[in-house]
Every structure is written in C-alpha cells, then in structure tokens.
Amino acid sequence: MWVILGVMAIIATLVNLFMYKAGKDYKLAMALGLSLTALTLCAEYSLVSRWVKVEDWAALLDVVPGMERGLWFLTAVSILLNITPMLLELRSKK
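Computed from a predicted structure; not experimentally measured.

J.: Help me out: how do you make sense of the overall build of the protein chain in this one?
T.: For the protein chain, the count of helices and strands is 3 helices and 0 strands. Counting from the amino terminus, the protein chain carries its helices and strands in the arrangement α-α-α. For a compact globule of 94 residues, the expected C-alpha radius of gyration is about 12 Å, and the protein chain comes in at 16 Å, more than 25% above that figure. Taken along its principal axes, the extent of the C-alpha atoms in the protein chain is 55 × 20 × 15 Å. Put simply, of all contacts in the protein chain between residues at least 6 apart along the chain, 68% involve residues at least 24 apart. Counting every atom, the protein chain has about 6,800 Å² of accessible surface; 74% of that belongs to carbon and sulfur.

Given below as structure tokens:
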C-alpha cells in the first residue's frame, strides 16, 4: 500500500509543479501531494507495527534503519517540492 501511495504522491507533486509552470491553480495538487505523502508515512508505520505485532525482529533490524533515513529524506523533498510554487509566487510579488 505504501508503494501505491508513494507513487501517487510523486505524481501529485509533479502535477503541482507542471500546473504552476502552466500558470494554472496548483493549490489542490499541492495539498494532494502533501496529503499523499502523509498517508505514505502512515502506511509505512502500519507496516512496521505489523512486524512488531508478529515479532518479526529480522525484518525490523534489516529494514527500519535504512527506511528511517529514506523516509526523512523523501518527506523533506516532498515538502520542499510541493511548496516551491508558493515560494516562487511570493518571491515574484516582492
């Protein structure tokens, strides 16, 4: 599930950037991109929770350390890319 949500978040973010570039209203796509990013994080947390419930310590030890760094990085990139049009718009108004 997290893969599907992650891909949808990437697509929404790209739509956000293309809509801004085309001069159209991008705010719905921006909200969708950020929301899908949050849902991706929730889905990842649910996966880890399932591993804890079944006591799959090997999966936790193998995946979680790398997943943590990846999720922090991708979330930061998602936030930055999704708010870029707003920042550019603010800069151009000054």
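Continuing now.
J.: What exactly am I supposed to notice about the packing of helix α1 (residues 2–21) against helix α3 (residues 57–93) here?
T.: Helix packing geometry: the angle between the two helix axes and the distance between the axes. Contact geometry of α1 with α3 gives a least axis separation of 9 Å together with a crossing angle of 15°. Taken together, the axes of α1 and α3 are roughly parallel relative to one another. Crossing of α1 against α3: the hand is left-handed. Note on element contacts: α3 touches α1 through Ser78, Leu81, Asn82, Pro85, Leu88 and Glu89, opposite Thr13, Asn16, Leu17 and Tyr20. In the contact of α1 with α3, the residues fall into 5 nonpolar, 4 polar and 1 charged.

J.: What is the right way to look at helix α2 (residues 27–53) in this model?
T.: Since the α-helix packs 3.6 residues into each turn, any two residues three or four apart lie on the same face. Spanning 27 residues, α2 covers 39 Å between terminal C-alpha atoms, matching the ideal 39 Å at 1.5 Å per step. Of the residues making up α2, those classed as buried are Ala29, Met30, Gly33, Leu36, Thr37, Thr40, Ala43, Glu44, Leu47, Val48 and Trp51. Among the structural elements, α1 and α3 are those in contact with the buried residues of α2. Backbone geometry just after α2 places glutamate 55 at a positive phi near 55°.

J.: Teacher, can you tell me more about the nonpolar core here?
T.: Buried together is how nonpolar side chains tend to be arranged in soluble globular proteins. Formed by Leu47, Val48, Trp51, Ala59, Leu60 and Met67, the largest nonpolar core amounts to 6 residues. Where this core is concerned, the elements lending two or more residues are α2 and α3. In this structure, alanine 59 is in contact with Trp51 and Val64, ignoring residues within four places of it in sequence. Listed in part, the 5 residues of the second largest apolar core include Ala9, Ala12, Leu36 and Ala43.

Basis of the calculations
- Residues numbered from 1 in each chain as written.
- Predicted model: local features only at pLDDT ≥ 70, side-chain atom pairs only at ≥ 80, totals over all residues.
- Heavy atoms only, no water.
- Helix = DSSP H or I, 4+ residues; strand = E, 2+ residues; numbered from the N terminus.
- Rg over C-alpha atoms; globule rule 2.2 N^0.38 Å.
- Contact = heavy atoms within 4.5 Å.
- Areas by Shrake-Rupley, 256 points an atom, 1.4 Å probe, with all protein chains shown as cover.
- Axes fitted to C-alpha atoms, helices over the stretch in contact; angles between N-to-C directions.
- Parallel < 35°, antiparallel > 145°, perpendicular 65-115°, else oblique.
- Left-handed = near helix turned anticlockwise from the far one by under 90°.
- Nonpolar A, V, L, I, M, F, W, Y, C, P; charged D, E, K, R; others polar.
- Expected span 1.5 Å × (residues − 1).
- Buried < 20%, exposed > 50% of the residue type's maximum accessible area, 1.4 Å probe, protein only.
- Core = buried A, V, L, I, M, F, W, Y, C linked by side-chain atoms within 4.5 Å.

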